[in-house]
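What the coordinates show
In case you want the letters, here they are:
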Amino acid sequence: RHAVCIFYLVPPPLDTIEDDMTISLDVKVPMLHEFHSYLYQPEWKYMESKEKDRQVLEDFPTISMEFRNLSKVYQDVISDICHKMGVGMAEFLEKKVDSQHEWDKYCHYVAGLVGIGLSRLFSASELEDPIVGQDTELANSMGLFLQKTNIIRDYLEDQLEGREFWPREVWSRYAKKLSDLAKPENIDIPPQCLNELITNALHHVPDVLPPPSRLKNQSVFNFCAIPQVMAIATLAACYNNKQVFRGVVKIRKGQAVTLMMDATNIQAVKAIMYQYVEEIYQKIPSTDPSSNKTQQVIASIRAMSLPGGPMASRHHYSPIYLPPPMLLAALSWQYLSTISKATEEYVQAGEN
């Protein structure tokens, strides 16, 4: 538990450095390259960030102290992943995400490595077999699936912050500039670029399904499965939805809690995945340039349904008991997210 907690506290400072446009590249690049070494420096912190999440940099000694309290086997995994993430982030500071191959590479650095690190921690804890930590390809694919979903959903937020993560190879077929997709005069243009990127992300779903099936520990299974079903539900909400270019598309709070409660066994996870790819299938426009590819990837996901027939409804599977702390955490997260959003809107209104 402590190792995973600290592992989730180490990437945010890296992300904050990467996202802070007020830090010059000659300062930022060395920081990203050396960040893993700061974990072993009790006094290191950074007080000059202007990012909203700067507290993780200002109070970094608290994080690094807890990191050094972990067993060495955990420290080694976290430090190694942190080093690789920092080097990868620095690489993309000075170049755009142009090709779909580079999109995969960027997502690997910022999320695939997280999946690999978590898998290695699960194996190091001996809660899971060594193969879980060794199968880096599937762990990477799980991270890519989540990160691509976030990048697709966060189009407008990233545009407003001056960041671009959609691959030029795709969006350049639909617009001269990525920002053009959000212009009011283009709002009636079919969201074909969006659909193509969602189709790209769906190619990871067949890889997402096998890993949970080999996990033995129920808490580890829930931890891995819940974000995946949240992601497929988010992609279903975003598919062919012009609202992505006008605001943030989110799944409903009740829907999120239901997914958390249901995604506790592999058959239920498969059924949830099947349900949402069917929802996407029903929304595929016949004129969409990616329609054939979307149908093909959905067919491959369908092929992973239960033996002997079509995938049954997920309501046919009784979820394993979800501990009250996990349900409480889910509800609290939804509540705090709502309050945080309302507070941000209130502050912005006051500033305006």
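Residues numbered from 1 in each chain as written. Predicted model: local features only at pLDDT ≥ 70, side-chain atom pairs only at ≥ 80, totals over all residues. Heavy atoms only, no water.

In the annotation of an unreviewed UniProt entry, the chain is listed under the name Squalene synthase and assigned to Cochlearius cochlearius. In its Sequence similarities (unreviewed entry) section, UniProt records this for the chain: "Belongs to the phytoene/squalene synthase family." Reading the Cofactor (unreviewed entry) entry of the UniProt record for the chain gives the comment "Mg(2+)". (UniProt positions renumbered as here; feature names shortened; annotations may be inferred.)

Turning our eyes to something else, we now look at the overall build of the chain. For the chain, the count of helices and strands is 19 helices and zero strands. Burial statistics for the chain: of 352 residues in total, 49% are counted as buried. Pairs at least 24 residues apart make up 74% of the contacts formed inside the chain by residues separated by at least 6 positions. Summed over all atoms, the accessible surface of the chain reaches about 17300 Å², with 54% contributed by carbon and sulfur. (Helix = DSSP H or I, 4+ residues; strand = E, 2+ residues; numbered from the N terminus. Buried < 20%, exposed > 50% of the residue type's maximum accessible area, 1.4 Å probe, protein only. Contact = heavy atoms within 4.5 Å. Areas by Shrake-Rupley, 256 points an atom, 1.4 Å probe, with all protein chains shown as cover.)

You can see Leu 39 is positioned in the loop between α3 (25–38) and α4 (55–58). Leu 39 sits 39 residues away from Ile 78 along the chain, and the two C-alpha atoms are 9.6 Å apart. If near-sequence neighbours (up to four positions away) are discounted, Leu 39 is found in contact with Val 10, Phe 60, Ser 64, Phe 67, Arg 68, Ser 79 and Cys 82.

Further remarks concern the side chain of Lys 28. Structurally, Lys 28 can be placed in helix α3. Asp 20 is the oppositely charged side chain nearest to the buried, salt-bridge-free Lys 28, at an N-O distance of 6.0 Å. Within the structure, the side chain of Lys 28 is placed 3.1 Å from the backbone oxygen of Glu 18, a separation counted as a polar contact. Among all residues touching Lys 28, those that are not within four sequence positions of it are Ile 17, Glu 18, Asp 20, Met 21, Ile 23 and Leu 93. (Lys, Arg positive; Asp, Glu negative; His and termini not counted. Salt bridge = Lys/Arg side-chain N within 4 Å of Asp/Glu carboxyl O. Polar contact = N/O pair within 3.5 Å; in protein donor to acceptor, adjacent residues only side chain to side chain.)

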